[in-house]
Amino acid sequence: MSTILDLVSHISWWGWLLIGLALVAIRDVFFQKQHTISHNYPIFGHLRYLFESIGPEMRQYFVANNREELPFNRIERGWIYASAKKENNYEGFGTDRDIYQHQHIFINNAMMPFKLPENHPNHEDKSFLPCAKVMGEFHKRRRPFRPASVINVSAMSFGSLSAKAIESLNKGVKIAGAYHNTGEGGLSPHHSHGGDVIFHFGTGYFGVRSEEGGFSMDKMIKLVENNPFIRAIEVKLSQGAKPGKGGVLPGAKITKEISEIRGVPIGVDVLSPPNHKAFSNIPEMVDFIEKIAEATGLPVGIKAAIGKLEQWEELADFMVATGKGPDFITVDGGEGGTGAAPPSFADHVSLPWVYGFSDLYKMFKNKGLSERIVFIGSGKLGFPAKAAMAFAMGADCINVAREAMMSIGCIQAQVCHTNRCPSGVATQSKWLQSGIDPTLKSERLAQYFKTFRKELIEITHAAGYEHPCQFTMKDIEMNIDDHSLSNKLHSTFAYEKTSVPFLGMQNLKDCLYLGHHPK
Ligand SMILES: Cc1cc2nc3c(=O)[nH]c(=O)nc-3n(C[C@H](O)[C@H](O)[C@H](O)COP(=O)(O)O)c2cc1C
């Protein structure tokens, strides 16, 4: 025994290294069957897997140029990070974009910008920018709601995001006077720090789920009564990253707390079905919306990604005929994000925002419905110039998901589906989220929203307007080739937006239904 120990103690470090490598080689060749590459090239085959796993980071840090990456390139991410930290978010020397590129957009500036009159609310608060329309006004809901910010946090559930991230977002919207959409996972204590909330549910009915797994109106009524900060309700039909797929929450992310809030087992994948149990056709869906609105007094809307238009046309006709229907429609673009989705869906199913929104808005406008609906847009719209385009096309508000995540520290690692998010934003690991300080991160979200609104107001003024709701389809051009061929949006998309009644920023400030806005 002592001779063996003696022999072992004489093996040098490189001797141990060689023994280790020999063991790996034996395992590669004789004992594993899963990987042909490591069988055929023992030891060296592992390098392939290593390089493959660190490739995205290497490209992000060293290789990709400023405008190259997707979903968000370095300039876009940098703008959000700098805005959220109130750092210098300008660029020097001029744009690094090829502004002759196909589909590049231009905002036509006025010869002389809009001049703020004396006592204008934007003298006091340079980022005061509420929604120009009131949700639920047309249908005379008992508790109409005018979002106090045109930019808001899009649906992302507690489950897909960490408790600390949800808390940061909720505290952040409170500071910025925006709203926070709960996402599909139900209302949690982390959503209840005082910001305005839009309660969102999908086919899983989490938070308002009956014993049989359907929708419970009693639970809905109690939820709204007990939580007066819920200002509106959103019924999810689909989202851009996976229309027709239903929700997916990987088992790795289902902790005890989440299992209690959602009423699902710990550690088992939760797949919500593609269809709602509560309705199967347009009249039933409208009836469902009206019943919720009647029972809660709140505006009720729907969220969807756009593809075929037949059922939307049926909805529009039904709304015209009955005077009933959703108070708001959130149009999500095919480029939208998700906590988890199959790439074939994320890449290919549903139209990009610009195509989907223009198809839908045009149809609703032609049927005389655009004035009674608040249109919300989501799909990489959290940048002032893109938002200006969205407003010109008919959007009234913007929802942001991944941009909001980045403002609180997300580094676009694109591993939301694995529970290993390194920034602690999209994971349930206690260790990974322990680095998030919700007080600091809430300030960051709020600052991003304020900077976004301030820049959007400045662009609006540059175009000669007071509020972005005044943008028309003629104010924005899209590159097709040279200027004689570049098209104003109204000729590219063949519609004019319905002008939004706007009586000045002071009028919005004095509105009885204005959401929480910090004075
Ligand atoms: C982590 C994560 C979770 C999401 N969860 C939901 C959800 O529960 N329900 C939903 O309708 N959309 C969900 N979405 C989609 C977003 O709400 C949003 O519509 C989409 O990401 C487009 O916005 P963006 O481009 O600003 O990210 C999620 C997105 C992300 C990134």
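Residues numbered from 1 in each chain as written. Predicted model: local features only at pLDDT ≥ 70, side-chain atom pairs only at ≥ 80, totals over all residues. Heavy atoms only, no water.

Undergrad: So what exactly am I meant to see when it comes to the overall build of the chain here?
TA: Of the regular secondary structure elements, the chain holds 19 helices and 13 strands. Taken over the C-alpha trace, the chain has a radius of gyration of 26 Å; the compact-globule value for 519 residues is 24 Å, and the two agree within 12%. Its C-alpha atoms give the chain principal-axis dimensions of roughly 95 × 60 × 45 Å. Residue burial in the chain is summarised as follows: out of 519 residues, 52% are buried. Within the chain, residue pairs in contact and separated by at least 24 positions form 70% of the contacts whose partners lie at least 6 positions apart. Charge-centre separation for the chain: the mean point of 55 positive side chains lies 3 Å from the mean point of 53 negative side chains. (Helix = DSSP H or I, 4+ residues; strand = E, 2+ residues; numbered from the N terminus. Rg over C-alpha atoms; globule rule 2.2 N^0.38 Å. Buried < 20%, exposed > 50% of the residue type's maximum accessible area, 1.4 Å probe, protein only. Contact = heavy atoms within 4.5 Å. Lys, Arg positive; Asp, Glu negative; His and termini not counted. Charge placed at Lys NZ, Arg CZ, Asp CG, Glu CD.)

Undergrad: Quick question: what am I supposed to make of the side chain of Q428 here?
TA: Position of Q428 among the secondary structure elements: in the loop between α15 (402-407) and α16 (430-433). Using a relative accessible area of 7% as the deciding quantity, one classes Q428 as buried. Within polar-contact distance, the side chain of Q428 engages the backbone oxygen of G159 at 2.8 Å. Residues in contact with Q428, not counting those within four places in the same chain, are F158, G159, S160, L161, S162, A163, K253, T255, I258, N419 and Q433. (Polar contact = N/O pair within 3.5 Å; in protein donor to acceptor, adjacent residues only side chain to side chain.)

Undergrad: Any chance you could explain helix α14 (residues 384-393) here in plain terms?
TA: Along an α-helix, residues three or four apart share an orientation, since each turn contains 3.6 residues. In terms of residue burial, α14 counts as a mostly covered element, since eight of its ten residues are buried. If you check which residues of α14 are buried, you get P384, A387, A388, M389, A390, F391, A392 and M393.

Undergrad: Quick question: what am I supposed to make of the site of the ligand here?
TA: In the neighbourhood of the ligand, 24 residues make up the surrounding shell, with A155, G337, K380, R402 and E403 lying closest. In this structure, G337 approaches the ligand through a main-chain N or O atom, which is 2.8 Å from an oxygen atom. A401 places a main-chain nitrogen or oxygen 2.9 Å from an oxygen atom of the ligand. In isolation the ligand has 610 Å² of accessible area, and contact with the protein removes 98% of it. The element best represented in the shell around the ligand is α15, accounting for three residues. (Near = heavy atom within 4 Å. Areas by Shrake-Rupley, 256 points an atom, 1.4 Å probe, with all protein chains shown as cover.)

Undergrad: I would appreciate a short explanation of the pattern of salt bridges in the present structure.
TA: If charged atoms from side chains of opposite charge come close, those side chains can pair. Scanning the model with the defined rule gives 20 salt bridges in all. As a salt-bridge pair, D96 and R67 come within 2.8 Å of each other at their nearest N and O atoms. With a gap of 29 residues between them, D96 in the loop between α5 (74-84) and β1 (105-107) and R67 in the loop between α4 (45-63) and α5 connect regions that are remote in the sequence. For the salt bridge of D287 with K291, the shortest nitrogen-to-oxygen distance reads 2.8 Å. With D287 and K291 both in helix α10 (residues 282-296) and four residues apart, the pair spans about one turn of that helix. Judged by relative accessible area, which is 48%, K291 ranks as partly exposed. Sharing partners across several salt bridges, the network here consists of R67, E91 and D96. (Salt bridge = Lys/Arg side-chain N within 4 Å of Asp/Glu carboxyl O.)

Undergrad: Could you clarify how one ought to interpret the packing of aromatic side chains in this entry?
TA: Each aromatic ring pair is described using two quantities: the centre-to-centre distance and the angle formed by the ring planes. Summed over the entire model, instances satisfying the criterion amount to 19 aromatic pairs. Summarising the aromatic geometry, the rings of F201 and Y205 are spaced 5.8 Å apart at their centres and angled 45° between planes, so their arrangement reads as tilted. This pair shows no difference in class: F201 is buried, exactly as Y205 is. Here the guanidinium or amino end of R262 rests over the ring plane of F206, the centre of that ring lying 4.9 Å away. (Phe/Tyr/Trp six-rings, centres within 6.5 Å; stacked < 30°, edge-to-face > 60°. Lys NZ or Arg CZ within 6 Å of the ring centre and 35° of its normal.)

Undergrad: I keep staring at the pairing of strand β8 (residues 300-305) and nothing clicks. Help me out?
TA: Note on strand geometry: in a regular strand, side chains alternate between the two faces of the sheet. Counting buried positions along β8 gives six out of six residues, so the element sits mostly inside the fold. Residues V300, I302 and A304 line one face of β8 and the alternating positions G301, K303 and A305 line the opposite face, and both faces are buried. Bridge analysis of strand β5 (residues 230-236) against β8 gives four bridges, and the strand direction is parallel. In the strand pairing of β8, V235 is matched with I302. Bridging between β8 and strand β9 (residues 328-332) involves five bridges; their strand directions are parallel. Bridged to A304 within β9 is V331. Handedness of the β-α-β unit built from β8, helix α11 (residues 310-322) and β9 comes out right-handed. (Pairing = 2+ DSSP bridges. Right-handed = clockwise from strand over helix to strand, strands pointing away.)

Undergrad: Any chance you could explain the packing of α10 against α11 here in plain terms?
TA: The packing of two helices is summarised by the inter-axis angle and the distance between the axes. Between α10 and α11, the shortest axis-to-axis distance is 10 Å and the interhelical angle comes to 55°. Taken as axis vectors, α10 and α11 run oblique relative to one another. When you trace α10 past α11, the crossing you get is right-handed. Mapping the contact onto sequence places I282, P283, M285 and V286 in α10 and Q311, E314, L315 and F318 in α11. Of the residues in the contact of α10 with α11, the class split is six nonpolar, one polar and one charged. (Axes fitted to C-alpha atoms, helices over the stretch in contact; angles between N-to-C directions. Parallel < 35°, antiparallel > 145°, perpendicular 65-115°, else oblique. Left-handed = near helix turned anticlockwise from the far one by under 90°. Nonpolar A, V, L, I, M, F, W, Y, C, P; charged D, E, K, R; others polar.)

Undergrad: Help me understand a nonpolar patch on the surface, please; the structure alone is not making it clear to me.
TA: On the surface, a nonpolar cluster with roughly 1,300 Å² of combined accessible area is contributed by I37, Y41, F44, L47, L50, F51, I54, M58, Y61, F62, V63 and I411. At eight residues, the largest contribution of residues to the nonpolar patch is made by α4. As for its placement among the helices and strands, I411 is situated in the loop between α15 and α16. In this structure I411 comes out as partly exposed when scored by relative accessible area, which is 36%. (Patch = residues over 30% accessible without salt bridge, like charges linked within 9 Å, V, L, I, M, F, W, Y side chains within 5 Å.)

Undergrad: Teacher, can you tell me more about the sheet that holds strand β13 (residues 487-488) here?
TA: Backbone-to-backbone hydrogen bonds join strands into a sheet, with any given pair of strands oriented parallel or antiparallel. Taken in spatial order, the three strands line up as β1-β12-β13 in an open sheet, and their pairing is antiparallel. Both outer strands of the open sheet, β1 and β13, are each paired with one neighbouring strand and no more. Summarising the sheet, strand β12 (residues 476-478) and β13 pair through two bridges and their orientation is antiparallel. Across the sheet, residue E477 finds its bridge partner in β13, namely K488. Strand contacts of α14: β1 and β12, with the helix running at about 80° to β1, the strand carrying the most contacts.

Undergrad: Sorry if this is basic, but what is going on with the nonpolar core here?
TA: One broad rule of soluble globular proteins: the nonpolar side chains tend to lie buried together. One finds F201, M220, W312, W353, F364, M393 and F449 to be the most contacted residues of the largest nonpolar core, which totals 112 residues. Once you skip the residues sitting within four places of it in the chain, F449 turns out to touch I151, N152, V153, V173, A176, A178 and V400. Of all hydrophobic cores here, the second largest spans ten residues; its members include M135, A232, F328 and C397. (Core = buried A, V, L, I, M, F, W, Y, C linked by side-chain atoms within 4.5 Å.)

Undergrad: Can you walk me through α5 in this structure?
TA: For α5, every residue scored as buried is listed here: E76, R77, W79, I80, A82, S83 and A84. Residues of α5 that are buried sit in contact with α4, α14, α15 and α17 (438-462). The opening residue of α5, the one whose side-chain oxygen lies 3.1 Å from the backbone nitrogen of I75, is N73.

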